[in-house]
Amino acid sequence: MAYWFWFSCLSAVDLPPWFSLVTISLESNVGIDLKRIGKVSTLPMTCFREGSPPLPDVYNTSHTGLVIDHISNSSFGGSQDLQIVEKCYPMQKSIFLTLTNEQIHPGIWYFGLFNGIGPIRTQSKMINRGHSYSFSGNITVEGCTNSAMLGKFCNQTINLLSCLDTYISPESGIGSQSYKTTSNVTTCGGTEESCLDLAGSKVYSLDVVSIAEELIITALNITSQSQLSNGTISGSGISLMCYVRHGAIPLPQLYDYSADINRSPLVIPLPKLGRWYIKIQSANLSASMAVIQEMSTTICYSLEWQVRQCPADKAGLNCTTAKYTLQTFLRKNPSVAFESYYLPISGKVSSDSANFPLRPLLSNSSDMGDYTWTFFLMDIPYGAAGGNIHVRLTSEAKISGEIYARYGGFPSLSNWDYFYANSTSDSNGSMFFKVYDASDKSVSFYIIYARGGTWSFGLRHPISNSHSSTVETVMSISLERCPEKCSSHGTCQSVLDASGLTFYSFCACGRLNGGFDCSIELVSSSGHTWQSIFLIASNAAALLPAYWALRHKAFAEWVLYTSSGISSGLYHACDVGTWCPLTFHVLQFMDFWLSFMAVVSTFVYLAAIDEVTKRTIHTVVAILTALMAESGPTRSSNIILVVAIGSLGLLIGFFIEFFTHRRWISFSTELCLNMLNRWETVKAWIHNFIRSFLKRFRWGFLIAGFTALAMAAISWKLETSQNYWIWHSVWHVSIYTSSFLFLCSKAAAVNCENEPPRPENYELARQNSFSASNGRDGR
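Just so we're clear, the structure is a prediction, and the values are computed from it rather than from any experiment.

1. As for the state of the cysteines
Under the criterion given, the structure shown has nine disulfides. One disulfide bridge connects cysteine 482 with cysteine 492, the sulfur atoms lying 2.0 Å from each other. The sign of the 80° torsion about the S-S bond sets the cysteine 482-cysteine 492 disulfide as right-handed. Placement of cysteine 482 in the loop between strand E31 (473-480) and strand E32 (490-496) and of cysteine 492 in strand E32 is noted, with a sequence separation of 10 residues between them. Put simply, cysteine 574 and cysteine 580 are joined by a disulfide, and their sulfur atoms are 1.9 Å apart. Between cysteine 574 and cysteine 580 the sulfur-sulfur dihedral comes to about 95°; the bridge is accordingly right-handed.

As structure tokens, this is what we get:
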């Protein structure tokens, strides 16, 4: 497959929770020397992202996320880099990755192959001189047959923890936490008695199914039992380490949270939705317990966990801030799938508009000084992960609030995915965050290709006072297919990815703009006018060979040159948006086919052969050039093939002409016996051949024609998306000028071997004859 335009190729693979290994094998014809990488805009690359499609065009000017190195297994492990799953790497001829569930999380992963990045790639152009590449790939997912056995080798037993709503924590457990005095907190949890060897470990899994404020884990009643002493020893000196990781089994070197739960509970603030893995193992026994290390010891404990959350309309550590669940309202245009706006489920706002006022929704109390939080929760369908979240605030006065967004959990000042504070403080350096309006009274930003699932938006604002209660501030949250409607400079197109799991959208920009949102002006209106004039008017050079052919009554060539110039002019007129009399495919085929035919026919015309032979050669050439124009008209190799075919036609025609008008050497028996006479005859034949060849052309025109043809080849090679209008105009002038010069180089055929006798010699012979006759008469 070969692709050009937005995504070179996009595919998704769903890794289930029980997967153990995923193998990615990719083969391509891309050859890149990493030490000689030039413009990133023309660099083929592969990108990975979890949850939603990758998009390298949204990187900032420093190319955040682009790693100029070969991708390998080590690129996905050994670090807690939150952006590690949103990286792009240069394409390689062969990529082979074997990733375990310790390196990447279960879920939907997207793999994108891109043919360069930059605003020019999305500009609407019928003619694209960029490179195309072919590739083939295979993705294999291996999993554990037993859901209770996970890990890299499916040898790790997983103990499933359930969260019971009726659970009551013992006083010695987690009751001393911040929620102890809060009566509105709802808690689910449980305990489990367990034992492990001194050098062993145990892994548990716990599902957080709803947005929560805290996840707390601790250990109670820790004791150690020795098989040698047959006694129970207090576990006060034992360090019972707890490692916790979201979505994957934690390791002592790779985890999200850790603590010695024998000394203090492990508190995870604002845990994300999904499956959490908990690993318990002993470590660092005290000096008084050193003797136990030499014995076979078992550590027993009671593991306790709690997931604490506020009521449906409250949030925060003490459940004092407001929380609203947003309801989905589909747009009135049913032809655009998954485009909708969101309104709070509350009697305080009306559903007649996509905008809702904030004043009746804001929290009025806080334990954090003069500022408080108001939270909004929204769900995005997983199939709509190719959409964009649009958040907008407008106010009658200066906006004093800040907006924080987080996927799968509540945001905070220290835990967020994206945020906007003011025009100079935001996460615009992130790959998928784009601010469009940052004035004092208006804020508008997009989260590009938001992941499917639950998103939480936290509005941090001052506590309402008498002044702020009279200021009207309006907010809107919507899911849109293309940012800013492609900035009114393009059309929004929606397609399914290669796996058919995600419905994503992209902007097909106009001829003047580019970028993933068509917001970058690539050429001005006046510049576009001049480009159009150059591309169309340069085809007037076809008048040169057409005029020569008409004057010398070469009517077939005249029709060919005239048709080629007209079709090329119409093709480029359609490309620049002036007029399209036929479809693009027809115009493109006619332009390239007639251009190829014009070049080859020029070479064939240089050979003075009969019309039957010329028609035969033209028929063969027409078939070959038609195949070239249909299968790959813009390939650079075509110019070499066309010149080669034309040269071959000229050579064949020249030999046909030469051997038709000249008698081949007669190797008689006597000639074969006389080697000296035979060598003299061969020398004479070679001499006559060279004389005939030198007199066959006007060499000044011929050299000038090859110079113009070389200029055409150079301009074809130098064409890029940026300078296409310049060099392709030069191509038009050069290729038609070369045809004209080649036509002018043709001279009359000269038979140097059988030249007729000169007229004066003939007259002289006649005079001698008459003189001899008169002499006889006189006698």
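2. A short note on helix H2 (residues 543-551)
Residue pairs spaced three or four apart in an α-helix point in one direction, given the helix's 3.6 residues per turn. Taken together, the buried positions of H2 are occupied by Pro545, Ala546, Trp548 and Ala549. Down the axis of H2, the buried set is contained in an arc of 165°. They therefore lie on one face. Turned more than 90 degrees away from the buried face of H2, the exposed residues are Leu543, Tyr547 and Arg551. Looking at the buried positions of H2, the neighbouring elements they touch are helix H3 (555-575), helix H4 (584-605) and helix H10 (724-744).

3. Notes on the side chain of serine 487
Mapped onto the secondary structure, serine 487 falls in the loop between E31 and E32. Among the polar contacts listed, one links the side chain of serine 487 to the backbone oxygen of aspartate 517, at a separation of 2.8 Å. If near-sequence neighbours (up to four positions away) are discounted, serine 487 is found in contact with Asp517, Cys518 and Ser519.

4. A look at the sheet that holds strand E5 (residues 94-100)
Reading across from one edge, E5-E2-E7 is the order of the three strands in this open sheet, with antiparallel pairing throughout. Only two strands of the sheet have a single neighbouring strand rather than two, namely E5 and strand E7 (135-143). The sheet shows a mean angle of 5° between the axes of neighbouring strands, taken without regard to direction. Summarising the sheet, strand E2 (residues 19-28) and E5 pair through seven bridges and their orientation is antiparallel. Considered in E5, the bridge of leucine 26 is made with isoleucine 95.

5. Quick notes on the UniProt feature "transmembrane region" (unreviewed entry) in the chain
UniProt tags residues 592-609, 616-633, 639-659, 699-718 and 724-744 as "transmembrane region" (unreviewed entry). Helix makes up 100% of residues 699-718 and strand 0%, whereas the separation of the span's terminal C-alpha atoms amounts to 28 Å. Across residues 724-744 one finds 100% helix and 0% strand; the C-alpha atoms that close the span lie 30 Å apart.

6. Here's the deal with the nonpolar core
Membership of the largest hydrophobic core comes to 48 residues, with the highest contact counts inside it found for Ile389, Ile447, Trp455 and Phe457. It is strand E29 (residues 442-447) that provides the largest number of residues to this core, a total of four residues. Non-local contacts of isoleucine 389, meaning those with residues more than four positions away in its chain, are made with Met378, Ile380, Phe445, Tyr446, Ile447, Ala450, Trp455, Phe457, Ile477, Ser478 and Leu479. Within the second largest apolar cluster, 42 residues are counted, among which are Ala541, Ala622, Leu702 and Cys744.

7. Considerations on the sheet that holds strand E17 (residues 274-283)
Across the sheet, six strands lie side by side as E8-E9-E11-E17-E14-E15; this open sheet has mixed pairing. The outermost strands of the open sheet, each flanked by one partner alone, are strand E8 (149-150) and strand E15 (257-260).

8. A closer look at unusual backbone geometry
With phi around 60°, cysteine 486 is a residue other than glycine that occupies positive phi space. Relative to the helices and strands, cysteine 486 is located in the loop between E31 and E32.

9. Some remarks on the pairing of strand E30 (residues 453-462)
Across the 10 residues of E30, nine count as buried, placing the element largely inside the fold. Looking at chain direction, strand E23 (residues 371-380) and E30 are connected through 10 bridges and run antiparallel. For phenylalanine 375, the partnering residue across the bridge sits in E30 and is glycine 458.

10. Concerning the packing of H3 against H10
At their nearest, the axes of H3 and H10 sit 13 Å apart, and the two run at 175° to each other. With respect to H10, the axis of H3 lies roughly antiparallel. Residues Tyr561, Ser564, Gly565, Ser568 and His572 of H3 touch H10, and the partners they reach there are Tyr724, His728, His732, Tyr736, Ser739 and Leu743. Looking at side-chain class alone, the contact of H3 with H10 contains four nonpolar, seven polar and no charged residues.

Here is what the cut-offs are and how they apply
Residues numbered from 1 in each chain as written. Predicted model: local features only at pLDDT ≥ 70, side-chain atom pairs only at ≥ 80, totals over all residues. Heavy atoms only, no water. Disulfide = S-S within 2.5 Å. Helix = DSSP H or I, 4+ residues; strand = E, 2+ residues; numbered from the N terminus. Buried < 20%, exposed > 50% of the residue type's maximum accessible area, 1.4 Å probe, protein only. Arc of directions from axis to C-beta. Contact = heavy atoms within 4.5 Å. Polar contact = N/O pair within 3.5 Å; in protein donor to acceptor, adjacent residues only side chain to side chain. Pairing = 2+ DSSP bridges. Axes fitted to C-alpha atoms, helices over the stretch in contact; angles between N-to-C directions. UniProt positions renumbered as here; feature names shortened; annotations may be inferred. Core = buried A, V, L, I, M, F, W, Y, C linked by side-chain atoms within 4.5 Å. Parallel < 35°, antiparallel > 145°, perpendicular 65-115°, else oblique. Nonpolar A, V, L, I, M, F, W, Y, C, P; charged D, E, K, R; others polar.

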